[in-house]
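Below are the chains, spelled out letter by letter.
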Amino acid sequence: MMAAKEQALDPRFVRLDASTVCQLKCPSCPTATGATGQKLGVGSLKFEDFDKFIRRNPHVSHIELSNWGEVFLNKDLVKILAYAYRRNVSLYIANGANMNDIRGDVLEALVKYKLRRITCSIDGASQETYVQYRIKGDFNRVMENIKAINRWKAKYRSSYPQLTWQFVAFGHNEHEIAKAQEMAKALGMSFLLKLSWEDLYDLPEFSPVQNKELVGKETGLGVASRKEYLAKYGQDYVEHTCCWDLWNGPQINYDGRMLGCPINYWGDYGNVFEEGLDACLNGEKMQYARDMLMGKREAKEGIPCTTCKVYRRIKKDQAWVTETDVETVYRSGRRYIMFENKILGERGTVRLVTFVSRLREFFRQIRKALKQGRFDIRLQTEARALPNQGYPLSIPLPLDDEDNKWKPHPLFRGPTKGIRDFSCHVSVLVNGYSPHPPHTHKEEEILIMLSGEADLLLPLYPGENGHGRLPLKPGEVVYYPPEYPHTLQAIGKASANYLMFRWYTPNPKQGSNSLSFGKYKIYDSFARHETEEGFSTRTLFEGPSTCLTRLQCRTSILSPGAGYNSHVDAYDVAIVVLEGEVETLGKRFAPHSVIFYPAGKRHGMSNPGNIPAKYVVFEFQK
């Protein structure tokens, strides 16, 4: 894998601001104070410039349109959407839009031309609360515009644009977080709770959080401000990832000026419309900035990063951007988008790519087996029902072949009383690699990171700034619903070791309250257990799923010498031991062991060790 400095950058994803004009006066925004207008100008992207940019840069296939202003104030937006659709370019408004003023023809065009995603900036669940930050905004009008988009989605039978309700937590709106979550769910929107910008832009702090415990819990971060995040995690909240955009998602102003990242508005690296994207992106000035961010060169006057607060924090903490941070993220090209938009649809295209990928892997394995002289064909007989069984694991897992960067180790597969096909495997993935492109399948899936780190690559996930990239650390668990596109890429020095459960039942049913994609922190749940002797358990997530009437995940702690009597469950149960030891089925199981109890099979458990046993339990109720 080549380092970023050794190759010319040619990203498929760029950020091209459609407008720096905004009708609202949000207190923490430099656009509202006029600061961005003084440096960047107040205007909108012209269709003629967009047309030339698309034609001159055929490798660019994904464009984010939102940053400093309100996209929907651009009068050429319908033409831009239609042209991008015709040229097989996916557009996003994932950085944010206030959604207050949208023409009727634009509302239809968003769906008709398959804009991928909109992050709706809605910091309240009532007009009274909403308008305190979104000054001059109309909450009810925003709700009507979202409902109109949903009506068009129903008419066109389209899942696009996917809508996210972004809620910035303040002291004046924290009491409406739960209500906003409920409203988002009713509107078919995902919900993203963010910490406020605080002092990033040298503006007075607005409405600081009062109920820190509530906000810390709802964000899942255990903190209520960016300062607390920095103190707890040793890095900036979100904004440090903006630096990565100088490699994989460069920000361009509406008039063509290359800004590099979404935070910068005080300097540029040339003009893309005049000099070309390649000349600006790979020019000496921007390369110097990238070297600065990696700690390879000293700050220099004339480089916009030099005066940026984020860079100063990075320099102070020596938290430089690494090669791993800026490794190329997989993004589809225009041919893939053509199949997705106009031929097979979203899921059909993913299935095609999955099939081709599996076919290539199949032939690769055949070539490898023939080369080693060990090719044989085994007929699959009817699977036997899964028994009570434990599976000890030794982490990290070995790689049998240096040429193989991903090695799955199957543990079990077969039917149970309520599930037709249930399987479990553990895999090792080498740093910098993915097991496959983003794919989908009919099965539901759970992933647990055992050791090492990875980034989830999720085409449908909104993420911060629309990256669709979500970090995964040891002790975190992910639920994938059926047909949800996903893959992962190992990061960091060590290989990633992860465990997966996968299951499928006939006649699945997708209800409005079915579990959606989610990521959960197991060790945060352990920390919230009540201190008591014996046994304690706490639910991490639960609910009906497409294949199950109820899927539950809970964390449990079993004190030394404690246990529970042998019993029978009416549902399948899987357990992953994370700390300490447990004894069950007549054997002892150490950390990372997997234990499976099928429905109707008797089992019990005790802790034979001298430290608490911590484990995570999954119940699959059909």
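Details of the structure are given in the entry above.
Fair warning: this is a prediction, and the values are worked out from it, not measured in the lab. (Residues numbered from 1 in each chain as written. Predicted model: local features only at pLDDT ≥ 70, side-chain atom pairs only at ≥ 80, totals over all residues. Heavy atoms only, no water.)

Novice: Account for the overall build of the protein chain, with residues named and values stated.
Specialist: In terms of regular secondary structure, the protein chain is built from 19 helices and 27 strands. Its C-alpha atoms give the protein chain a radius of gyration of 26 Å, within 12% of the compact-globule value 25 Å for 622 residues. Taken along its principal axes, the extent of the C-alpha atoms in the protein chain is 75 × 60 × 55 Å. Counting only residues that meet the buried cut, the protein chain has 57% of its 622 residues in that class. Partitioning the contacts of the protein chain with sequence separation of at least 6, the portion at a separation of at least 24 is 73%. In the structure as shown, the protein chain presents an accessible area of about 27800 Å², 50% of it carried by carbon and sulfur atoms. If the 83 positive side-chain charges of the protein chain are averaged to one point and the 71 negative ones to another, these points end up 5 Å apart. (Helix = DSSP H or I, 4+ residues; strand = E, 2+ residues; numbered from the N terminus. Rg over C-alpha atoms; globule rule 2.2 N^0.38 Å. Buried < 20%, exposed > 50% of the residue type's maximum accessible area, 1.4 Å probe, protein only. Contact = heavy atoms within 4.5 Å. Areas by Shrake-Rupley, 256 points an atom, 1.4 Å probe, with all protein chains shown as cover. Lys, Arg positive; Asp, Glu negative; His and termini not counted. Charge placed at Lys NZ, Arg CZ, Asp CG, Glu CD.)

Novice: So what's going on with the packing of aromatic side chains? Residues and values would help.
Specialist: Inspection of every chain in the model, using the stated rule, returns 29 aromatic pairs. Relative to Phe191, the ring of Phe167 lies with its centre 6.0 Å away and its plane at 45°, an arrangement referred to as tilted. In this pair, Phe167 sits in strand 5 (residues 162-169) while Phe191 sits in strand 6 (residues 190-195), placing the two residues 24 residues apart along the sequence. Ring pairs connect the aromatic residues Tyr391, Phe412, Phe422, Phe501, Trp503, Phe596, Phe618 and Phe620, which therefore count as one cluster. It is Lys300 that lies over the ring of Tyr288; its NZ or CZ is 4.4 Å from the centre. Here Lys342 stacks its cationic end above the ring of Tyr85, 5.1 Å away from the centre of that ring. (Phe/Tyr/Trp six-rings, centres within 6.5 Å; stacked < 30°, edge-to-face > 60°. Lys NZ or Arg CZ within 6 Å of the ring centre and 35° of its normal.)

Novice: Requested: an account of the sheet that holds strand 2 (residues 62-64), with residues and values cited.
Specialist: Backbone-to-backbone hydrogen bonds join strands into a sheet, with any given pair of strands oriented parallel or antiparallel. The mixed open sheet is built from eight strands, whose spatial order is 6-5-4-3-2-1-7-8. Looking at which strands have only one partner, the edges of the open sheet turn out to be strand 6 and strand 8 (258-260). Where strand 7 (residues 251-252) meets strand 8, two bridges bridge the pair, whose relative direction is antiparallel. Bridging from a neighbouring strand, Ile252 pairs with Met258 of strand 8. (Pairing = 2+ DSSP bridges.)

Novice: Go over the pattern of salt bridges, please, and point to the residues and values.
Specialist: By the definition in use, this model includes 22 salt bridges. A salt bridge links Glu144 to Lys147, with the nearest nitrogen and oxygen atoms 3.9 Å apart. Of this pair, Glu144 and Lys147 both sit in helix 7 (residues 139-156), three residues apart, which is roughly one turn of that helix. Look at Lys147 and you get partly exposed, because its relative accessible area is 37%. The shortest N-O distance in the salt bridge between Glu445 and Arg502 comes to 2.9 Å. One end of the pair, Glu445, is in strand 12 (residues 444-451); the other, Arg502, is in strand 17 (residues 496-504), with 57 residues separating them in the sequence. Here the salt bridges share partners, and the residues they tie into one network are Glu542, Arg550, Arg554 and Glu619. (Salt bridge = Lys/Arg side-chain N within 4 Å of Asp/Glu carboxyl O.)

Novice: Give me a nonpolar patch on the surface: which residues, what numbers.
Specialist: Together, Ile343, Leu344, Leu352, Phe355, Val356, Leu359, Phe362 and Phe363 make up a nonpolar patch on the protein surface, roughly 720 Å² of accessible area in all. With six residues, helix 18 (residues 345-372) is the largest single contributor of residues to the nonpolar patch. Considering the arrangement of structural elements, one finds Val356 in helix 18. (Patch = residues over 30% accessible without salt bridge, like charges linked within 9 Å, V, L, I, M, F, W, Y side chains within 5 Å.)

Novice: A description of empty space enclosed by the protein should follow, citing residues and the corresponding values.
Specialist: Rolled over the atoms, a probe with the dimensions of a water molecule shows which regions are left empty. Here the structure, examined in full by the defined rule, presents six cavities of 30 Å³ or more. Considered as a void within the structure, the largest cavity measures approximately 600 Å³ in volume. If you trace the largest cavity, you find 31 residues lining it, with Cys29, Asn67, Asn95, Arg134 and Trp197 closest to the centre. Tallied by class, residues from the lining of the largest cavity come to 16 nonpolar, 11 polar and four charged. (1 Å grid on protein atoms, 1.4 Å probe; cavity = no way out; pocket = protein on both sides within 12 Å on 5 of 7 lines; lining within 4 Å. Points joined across faces, edges and corners; volume = space filled by probe spheres on them. Nonpolar A, V, L, I, M, F, W, Y, C, P; charged D, E, K, R; others polar.)

Novice: How would you summarise the sheet that holds strand 9 (residues 389-391) if you had to cite specific residues and measurements?
Specialist: Across the sheet, which stays open at both edges, the six strands sit in the order 9-25-22-27-20-19 with antiparallel pairing between neighbours. This sheet does not close on itself; its edge strands, each paired only once, are strand 9 and strand 19 (535-543). Going across the sheet, the axis of each strand differs from the next one's by a mean of 20°, ignoring polarity. Relative to strand 25 (residues 594-597), strand 22 (residues 572-579) runs antiparallel, the two sharing four bridges. Of the residues in strand 25, the one forming a bridge with Val573 is Tyr597. (Axes fitted to C-alpha atoms, helices over the stretch in contact; angles between N-to-C directions.)

Novice: Could you give me a rundown of helix 16 (residues 309-317), with the residues and numbers involved?
Specialist: Residues three or four positions apart in an α-helix share a direction because the helix packs 3.6 residues into each turn. Among the residues of helix 16, those classed as buried are Val310, Tyr311 and Ile314. Down the axis of helix 16, the buried set is contained in an arc of 100°. They therefore lie on one face. The positive-phi residue at the C-terminal boundary of helix 16 is Gln318, with phi of around 55°. (Arc of directions from axis to C-beta.)

Novice: Can you explain the nonpolar core? Please cite residues and give values.
Specialist: Ranked by size, the top nonpolar core spans 94 residues in total, and within it Phe53 and Ile63 carry the most contacts. For this core, the element with the highest residue contribution is helix 7, accounting for six residues. With near-sequence residues (within four places) excluded, Phe53 lies in contact with Val14, Leu16, Val60, Ile63, Ile252, Val272, Phe273 and Leu277. (Core = buried A, V, L, I, M, F, W, Y, C linked by side-chain atoms within 4.5 Å.)

Novice: I'd like a rundown of the side chain of Ser196, residues and numbers included.
Specialist: By the element assignment, Ser196 lies in the loop between strand 6 and helix 9 (212-219). Contacts of Ser196, omitting those with residues within four sequence positions, involve Val168, Ala169, Phe170 and Arg226.

Novice: Break down the state of the cysteines for me, with residues and values.
Specialist: Applying the stated rule across the entire model yields zero disulfides. Of all cysteine sulfurs in the structure, the one in Cys242 sits closest to Cys261, which takes part in no disulfide; the separation is 6.0 Å. Cys305 provides the cysteine sulfur closest to Cys280, a residue in no disulfide bond, and the two sulfurs are 15 Å apart. Among the residues examined, Cys280 registers a relative accessible area of 2% and is labelled buried. (Disulfide = S-S within 2.5 Å.)

Novice: Could you give an account of helix 7, with specific residues and numbers?
Specialist: The end-to-end C-alpha distance of helix 7 is 26 Å, a good match for the 26 Å that 18 residues give at a rise of 1.5 Å each. Every buried residue of helix 7 is listed here: Phe139, Val142, Met143, Asn145, Ile146, Ala148, Ile149 and Lys153. Two residues or fewer past helix 7, Arg157 is found with a positive phi of approximately 50°. (Expected span 1.5 Å × (residues − 1).)

Novice: Run through the pairing of strand 22, naming residues and quoting values.
Specialist: Buried residues dominate strand 22, accounting for seven of its eight residues. Sheet topology note: the strand 22/strand 27 (residues 613-621) ladder contains seven bridges and is antiparallel. Pairing of Glu579 across the sheet is with Lys614, part of strand 27.

Novice: How would you explain the side chain of Ser225 if you had to name every residue and give the values?
Specialist: Summarising the element assignment, Ser225 is placed in the loop between helix 9 and helix 10 (226-233). In this structure Ser225 comes out as buried when scored by relative accessible area, which is 15%. Within the structure, Ser225 has its side chain in polar contact with the backbone nitrogen of Glu228 (distance 3.1 Å). (Polar contact = N/O pair within 3.5 Å; in protein donor to acceptor, adjacent residues only side chain to side chain.)

Novice: Before we move on, could you go through the pairing of strand 17 and cite the residues and values that matter?
Specialist: Of all nine residues in strand 17, eight are buried; the element is thus mostly enclosed. Taken together, the nine bridges between strand 11 (residues 421-429) and strand 17 define a ladder with antiparallel strand orientation. Bridging across to strand 17, Val428 finds its partner in Asn497. As paired elements, strand 12 and strand 17 share seven bridges and run antiparallel to each other.

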